[in-house]
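An overview of the molecular structure
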Amino acid sequence: MLKLFCNADIYTMDRSNPIVENVLVENGKIVDLNVNNTAQYQKIDLKGKTLIPGFCDSHLHTVMYGSELDKIDLSAVKSIKELIEIGKKYIKNKDFKARDWIFGWGWNQENFTEDRLPTAKDLDKISTDHPIVFKRECRHVLTANTVALKEAGLYKKTINNKRIYKDQKGHPSGILCEDAQKLILDAAPQTTVKDIKNYILEASKKYLEYGLTFVQSDDLADSSISFHKTLKAYFELADSGKLPLRYNLQLRLTNEKDLRAFIANYNTGKYNDYLTLGPLKIWADGSLGARTAALRESYNNRDSDYGELLCSKEKMENLVQIACKNKMQVACHAIGDRTIEQFVEVVEAVQEKYDDNLQHRIIHSQLADYQLLKRMKAAEINTDIQPAFTASDWEIVENRIGKDRAQQSYLWKDMIDLGINTAGSSDSPIEKPDPIWGISCLVSRKDEFLKPEFGWLPNQKVTVQDALEIYTKNGAYNAFEEETLGQIKPGYKADFSILSHDPFYVKEDKLRDIEVCNTVIGGKLSK
Ligand SMILES: [Zn+2]
């Protein structure tokens, strides 16, 4: 049956044909636009709402997001004292067995009256029976209690690893960053394929509510799960037709052995209509909030602190070379300018050997100044930004890197103007996977309290058209789906988001209030 989506403001994101009257869909694909003779078709009357191509989030972590939906949300906590109270209450109200692990996420010491990181001793006040792990908002740092340290074999150990913070006696204090977190997480009960499938399905429900029809998810290196298990979960869901929206997997294979094991056993590219694989994801530094992003000049007021590269240049070169030889795109997590520069240099060198057209990407690109952006453009590197980070970070950026460098960061508009393909993402669970919020941040550069009054670095505000493209066709482009997703055009998949209001006709500060009324995948309404 042919379906006609009509009676809506329809924006196609196709600049040669930006507005159409109606969209005709057959077998999940768009077959025609602006149809005149409408009587013969089943009509989907959208009652004056707005129809756009389905939203794409080009970098998030589905398994982590799905698994956190039933863990303790600590994001609103204002003190370590409150953190302890919430932990105690949670354990009291739930039916835990002895020794069950307790997980929480979202604390941020910036919000604490004590102005310090919580330690094992603090968490011991919640329980000395249950292992407890509370992750910081950025997920690059966690605090574990004494029982968890014992389970991981770290209690009172002398360990020489600067990612394991020490107490006055030189023993682990319970705070672990970056890859050291794995030492604790590996000691927790193993996640099964069934668990992972549930996490993906729970997350997918939320994604559809937010209007997402396509997400690019980085899940292969989370906690103690082997990447084969995570792939198995996705394949089983895809094979049984249970993936409710389209997924691309960003393959975080953290070393040469894993990368080679992937290449020997699997293929990148299309798995089926709902699942594609690739790029290789490289994790190369931490976060600005935790001062673990690698900088060219030291952090503000901390002369010897430059953050840390988590992937040496040699290692990065090796991984990128193997990827290019195997025609894999590379997406590199890079927040600090030192990390971004290193990835650009690696790509520049590799490009001399391989004429690859692989459209490598930098995920985050937060502290890339204009000169660095120009080098990215010259090396044909695209980017995946997190517009919501401007709202979360604008008050701390100056504290971390000083005024001058703050003016040269989060340069979203410059990226667009330079012609770097810029896709929008949430890095969920770091931010909620809400493209409407992302669009609001792009256009207004204001936080949830509508601060600062004129937007942070207002010269970097982008237009509504650009913001919509960032969350639709630019996301499709970064994943090589620009011929099938992200625009309303004949031959494209019939994936749409239906909005309560026309974003071109609401005030900047009201964009955030637009609601997603429905999401359409392959011509089918999700509710
Ligand atoms: Zn991420």
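Residues numbered from 1 in each chain as written. Predicted model: local features only at pLDDT ≥ 70, side-chain atom pairs only at ≥ 80, totals over all residues.

1. Quick notes on the overall build of the protein chain
- Tallying secondary structure elements over the protein chain gives 16 helices and 25 strands in all.
- Taking 527 residues into account, the globule formula puts the C-alpha radius of gyration at 24 Å, and the protein chain, at 23 Å, falls close to it.
- Expressed as lengths along the three principal axes of its C-alpha atoms, the size of the protein chain is roughly 80 × 55 × 55 Å.
- Buried residues in the protein chain amount to 51% of all 527 residues.
- Of all intrachain contacts in the protein chain linking residues separated by at least 6 positions in sequence, the fraction that spans at least 24 positions is 73%. (Helix = DSSP H or I, 4+ residues; strand = E, 2+ residues; numbered from the N terminus. Rg over C-alpha atoms; globule rule 2.2 N^0.38 Å. Buried ≥ 20, exposed ≤ 12 C-beta atoms within 10 Å, placed from the backbone. Contact = placed C-beta atoms within 7 Å.)

2. As for unusual backbone geometry
- The peptide bond linking G278 to P279 adopts the cis configuration, its omega dihedral lying at 10°.
- Cis geometry is adopted by the peptide bond preceding P429, which originates at S428 and carries an omega value of 15°.
- Positionally, P429 belongs in the loop between strand 22 (422–424) and helix 14 (435–444).
- Although it is not a glycine, N7 sits at a positive phi angle of roughly 60°.
- The partly exposed category is assigned to N7, around which 16 C-beta atoms lie within 10 Å.
- Here N301, not a glycine, exhibits a phi torsion of approximately 60°, which is positive.
- Looking at the secondary structure, you find N301 in the loop between strand 18 (275–283) and helix 9 (313–325).
- Taking the C-beta count within 10 Å as the criterion, N301 has 9 such neighbours and is therefore assigned exposed.

3. Observations regarding the environment of V320
- Following the sequence through the fold, V320 ends up in helix 9.
- Along the chain, V320 and C332 lie twelve residues apart, while their C-alpha atoms are 9.8 Å from each other.
- Residue contacts for V320: discarding those within four places in its chain leaves V330, V346, V347 and V350.

4. Focus on the pairing of strand 14 (residues 172–177)
- In terms of residue burial, strand 14 counts as a mostly covered element, since six of its six residues are buried.
- Inspection of the sheet shows strand 12 (residues 141–144) paired to strand 14 by three bridges, in the antiparallel sense. Following the sheet pairing, V141 is matched in strand 14 by C177.
- Taken together, strand 13 (residues 164–166) and the strand that follows it, strand 14, pair antiparallel across an intervening segment of five residues, in which G170 is found at a positive phi of about 85°. (Pairing = 2+ DSSP bridges.)

5. Overview of the sheet that holds strand 13
- Spatial ordering of the open sheet is given by 9-10-11-12-14-13, a layout of six strands whose pairing is mixed. The sheet terminates laterally at strand 9 (72–73) and strand 13, the two strands that pair on one side only.

6. Topic: the nonpolar core
- L280, V320, C332 and F343 are the most contacted members of the largest nonpolar core, which totals 123 residues.
- Here the element with the most residues in this core is helix 12 (residues 388–406); it accounts for seven residues.
- Apart from residues no more than four positions distant in its own chain, C332 is found in contact with I282, A284, F343, I362 and I363.
- Judged by nonpolar contacts, the second largest core, of 31 residues, contains V77, A144, V147 and L149. (Core = buried A, V, L, I, M, F, W, Y, C linked by C-beta atoms within 7 Å.)

7. Things to note about the sheet that holds strand 5 (residues 29–33)
- With mixed pairing, the four strands of this open sheet are ordered in space as 5-4-1-6. Of all the strands in the sheet, just strand 5 and strand 6 (42–45) have a single pairing partner and so form its edges. For this sheet, the mean inter-axis angle between neighbouring strands, taken without regard to orientation, is 30°. (Axes fitted to C-alpha atoms, helices over the stretch in contact; angles between N-to-C directions.)

8. Topic: the packing of helix 6 (residues 193–209) against helix 7 (residues 227–239)
- Closest axis-to-axis distance for the helix 6/helix 7 pair is 9 Å, and the angle between their directions is 60°. Taken together, helix 6 and helix 7 sit at an angle that is classed as oblique. With respect to the hand of their crossing, helix 6 and helix 7 are arranged in right-handed fashion. On helix 7, the residues that touch V193, I196, K197 and I200 of helix 6 are K229, T230, K232, A233, E236 and L237.
- Classifying every residue of the contact of helix 6 with helix 7 by side-chain character gives five nonpolar, one polar and four charged. (Parallel < 35°, antiparallel > 145°, perpendicular 65-115°, else oblique. Left-handed = near helix turned anticlockwise from the far one by under 90°. Nonpolar A, V, L, I, M, F, W, Y, C, P; charged D, E, K, R; others polar.)

9. A short note on the environment of E151
- Mapped onto the elements of the fold, E151 is located in helix 4 (residues 146–151).
- Take E151: there are 18 C-beta atoms within 10 Å of it, and that puts it in the partly exposed class.
- Between the C-alpha atom of E151 and that of A188, which follows or precedes it by 37 residues, the distance is 8.0 Å.
- Dropping the residues within four chain positions of it, E151 is found in contact with P131 and A187.

10. Digging into the pairing of strand 24 (residues 516–521)
- Bridge count for strand 23 (residues 496–499) against strand 24 is four bridges, and the pairing is antiparallel. Looking at strand 24, one finds that S497 is bridged to T519.
- In the sheet, strand 24 pairs with strand 25 (residues 524–525) via two bridges, with the strands oriented antiparallel. Paired with V520 across the strands is L525, a residue of strand 25.
- Where strand 24 folds back on strand 25, the antiparallel hairpin that results is connected by two residues, among which G522 adopts a positive phi of roughly 55°.

11. Looking at helix 7
- Here helix 7 is 13 residues long and its end C-alpha atoms lie 18 Å apart, about the 18 Å a rise of 1.5 Å per residue gives.
- Within helix 7, burial applies to F227, T230, L231, A233, Y234 and L237. Mapping the buried residues of helix 7 onto a view down its axis gives an arc of 155°, with all of them on the same face.
- In the core, the buried residues of helix 7 are packed alongside helix 1 (62–68), helix 6, strand 16 (246–252), helix 8 (256–265) and strand 18.
- One or two steps after helix 7, the chain reaches G241, where phi turns positive at roughly 70°. (Expected span 1.5 Å × (residues − 1). Arc of directions from axis to C-beta.)

As far as function goes, none of this settles anything; it's purely spatial.
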